[in-house]
Each structure stands twice: as structure tokens, then as C-alpha cells.
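Each chain, letter by letter, is given below.
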Amino acid sequence: MKSLKNFEPIQKEFIEQRNAAKKLTSDIENHILNLKTNTQITQYYCDTILPAYNNSSLLETAISSVDSPIVNSTTAPLLLETCMRVLRTEFFDPMGAIFLFQQSKDHSLEFFGYACTAWAYNEMLKIRWNSYRSLPEVCSLVSEMTANAVKPSLETAELLDVIYSEASNSTSNVPIRRSDLINLESFKKRYISQYVYTL
């Protein structure tokens, strides 16, 4: 990518959102990082984080704790992304991360809108490409982001650029359909180029 100037205001917004979320969730993030198994992470997310959204989304003055986290539009994206990332990188459990993403989508339309930002979609892009080499799934995810007006981050642009390059030059035994490459190139031009001058 040669020019990322159009991404600067969006990237600044993402950084500000992440910093705000981290201030509210540092203890919870540490708790997630210290869980010993992928099952514990999945259970914590499904049994503690998801239900907490219903109880705390409107409570601006509530105090967050590991057992009773504040889960709202500020904290939900970071908590989902953290759980997905730890499952993917520490426990090599891409299916567990996909499960949490789907649970977040199914929890409620409002929660889906808050939690499933570019951070979670970036994790899904990494999983679908790095773990499964599934270009159709990558294209489906980017199409879903577009349909749901999910703003891409700088990482989204970089991921799509890397995926396109690797898929175009693939020498693996995984078949890459030309139609999928054309779709991904189209997404790069239509979706990412509105923020980036040159990919």
C-alpha cells in the first residue's frame, strides 16, 4: 500500500475508542489473559460478558469488576476482540473464536452493532484466511461488513492487501478460484479504496 492518508482520521478514531475501552476493561482483559483453557474463555464470554450487556448497557455510573463487567458500546468491541484473539493465538482454537463471534451476532441486533466492529471482523479475516485459507469466506466477511456499514480499520486494509497478494501467488494445494480473486480485488477497489488512495 503506497498511500494511507485517507485512513488517518479513521485510524485516529479507532485508537481513541480502544484507549477509552482499555481504561474501563483493564482488569477484565487481564482476567481473560490469565484464564487457563479455551473452554474457560468461552464460558466467561457467554456466561458473564454477554449477560452483563443487558444489565449494564444503560448504567453509566456502575462499577466494573471481573464478576460483573460493564459491557456497553465502548467496552463490548474490545472484550469480544480480546477473547477471539486469545482463543486464536494462545489456544489455537479458531472454531471457538468463530463461535463467540456468532454468539455476539445472535445476542441482539443492538449488541451485534456495538460488538462486531472492525476489530472482531479483522480477527475473523485472520481466522478464515490463516487457519482455513478460505477465500470465499473472506469475501463473504467483507461483503457482510459492507452490508452492515462496519468501518474498516487500517488493519482491515492491510489484511485484505496481504490476503489478495498471498492468494494471487498461492502455490499451496488449496485451490483458489479465479472468481474469488476477482471478488476480493473488487472489494479492495470498492470498499477499501474509499479510504485509501492506492493499494
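Sequence positions are assigned chain by chain, starting from 1 and proceeding in written order. Since the coordinates come from a predicted model, pLDDT governs what is reported: local features require at least 70, and pairs of side-chain atoms require 80 or more to be given and counted, while whole-chain, interface and lining totals use all residues. Remark: hydrogens and water are excluded; side-chain values derive from all non-hydrogen atoms of the structure.

**Student:** Help me get a handle on helix 7 (residues 135–147), residues and values and all.
**Tutor:** Segments assigned H or I by DSSP are reported as helices when at least four residues long, segments assigned E as strands when at least two residues long, and all are numbered from the N terminus. Here the expected span of a helix is defined as 1.5 Å times the quantity of residues minus one. Compared with the 18 Å implied by 1.5 Å per residue over 13 residues, the 18 Å span of helix 7 between its first and last C-alpha is a close match. Residues Leu135, Val138, Cys139, Leu141, Val142 and Met145 constitute the buried set of helix 7. Within helix 7, the buried residues cover an arc of 160° as seen down the axis, which keeps them to one side. Looking one or two places after helix 7, you find Ala149, whose phi comes out positive at around 55°. Relative accessibility thresholds used throughout: buried, under 20% of the residue-type maximum; exposed, over 50%; partly exposed, between the two (1.4 Å probe, protein chains only). Taken from the helix axis, the directions to the C-beta atoms give the arc we talk about.

**Student:** Which residues make up the side chain of Thr42, and what are the values?
**Tutor:** On the secondary structure map, Thr42 appears in helix 2 (residues 38–56). With residues up to four places along the chain from it excluded, the contact list for Thr42 reads Leu87, Phe99 and Leu100. By definition, residues are in contact when any of their heavy atoms lie within 4.5 Å.

**Student:** Lay out the pattern of salt bridges with the relevant residues and their values.
**Tutor:** By salt bridge we mean one thing: a side-chain nitrogen of Lys or Arg within 4 Å of a carboxyl oxygen of Asp or Glu. Taken as a whole and assessed by the stated rule, the structure comprises eight salt bridges. Between Arg88 and Glu123 there is a salt bridge whose closest N-O contact spans 2.6 Å. Pair noted here: Arg88 is in helix 3 (residues 76–89) and Glu123 is in helix 6 (residues 118–131), with a separation of 35 residues, a long-range link. The same class applies to Arg88 and to Glu123, which are both buried. Residues joined in a network through salt bridges with shared partners are Arg88, Glu123, Lys126 and Glu155.

**Student:** Provide a residue-level description of the packing of helix 4 (residues 94–107) against helix 6, including the pertinent values.
**Tutor:** Lines fitted to C-alpha atoms define the axes, with helix axes restricted to the stretch in contact, and inter-axis angles between N-to-C directions lie between 0 and 180 degrees. Close contact between helix 4 and helix 6 brings their axes to 10 Å; oriented N to C, the two are set at 145°. Helix 6 is crossed by helix 4, and the crossing has left-handed handedness. Packed against helix 4, whose contacting residues are Pro94, Ala97, Ile98 and Phe101, the element helix 6 presents Ala120, Tyr121, Met124, Ile127, Arg128 and Ser131 at the interface. Note on residue categories: nonpolar means Ala, Val, Leu, Ile, Met, Phe, Trp, Tyr, Cys or Pro, charged means Asp, Glu, Lys or Arg, and polar means any other residue, Gly included. For the contact of helix 4 with helix 6, the per-class residue count stands at eight nonpolar, one polar and one charged. For a crossing to be left-handed, the near helix must be turned anticlockwise from the far one by less than a right angle; the clockwise case is right-handed.

**Student:** Break down the state of the cysteines for me, with residues and values.
**Tutor:** Note on terminology: pairs of cysteine sulfur atoms within 2.5 Å are recorded as disulfides. If you walk through the whole model with that rule in mind, you get zero disulfides. Cysteine Cys46 remains unbridged, with the sulfur of Cys83 as its closest cysteine sulfur at 9.0 Å. Taking the relative accessible area as the measure of exposure, Cys83 reaches 0% and is therefore buried.

**Student:** Kindly report on the packing of aromatic side chains, identifying the contributing residues and their values.
**Tutor:** Centre distance within 6.5 Å is the pairing criterion for rings of Phe, Tyr and Trp, where only the six-membered ring of Trp is used; planes under 30 degrees apart are then read as stacked, over 60 as edge-to-face, and the remainder as tilted. Scanning the model with the defined rule gives three aromatic pairs in all. Where Tyr53 meets Phe111, the ring centres are 5.0 Å apart and the plane angle is 65°; that geometry is what we call edge-to-face. Here Tyr53 is found in helix 2, whereas its partner Phe111 is found in helix 5 (residues 109–115), with 58 residues between them in sequence. For Phe111, a relative accessible area of 0% translates into the label buried. Centre to centre, the rings of Tyr53 and Tyr114 are 6.3 Å apart; their planes meet at 65°, and the pair counts as edge-to-face. Residue Tyr53 is located in helix 2, and its partner Tyr114 is located in helix 5; the two are separated by 61 residues in the primary sequence.

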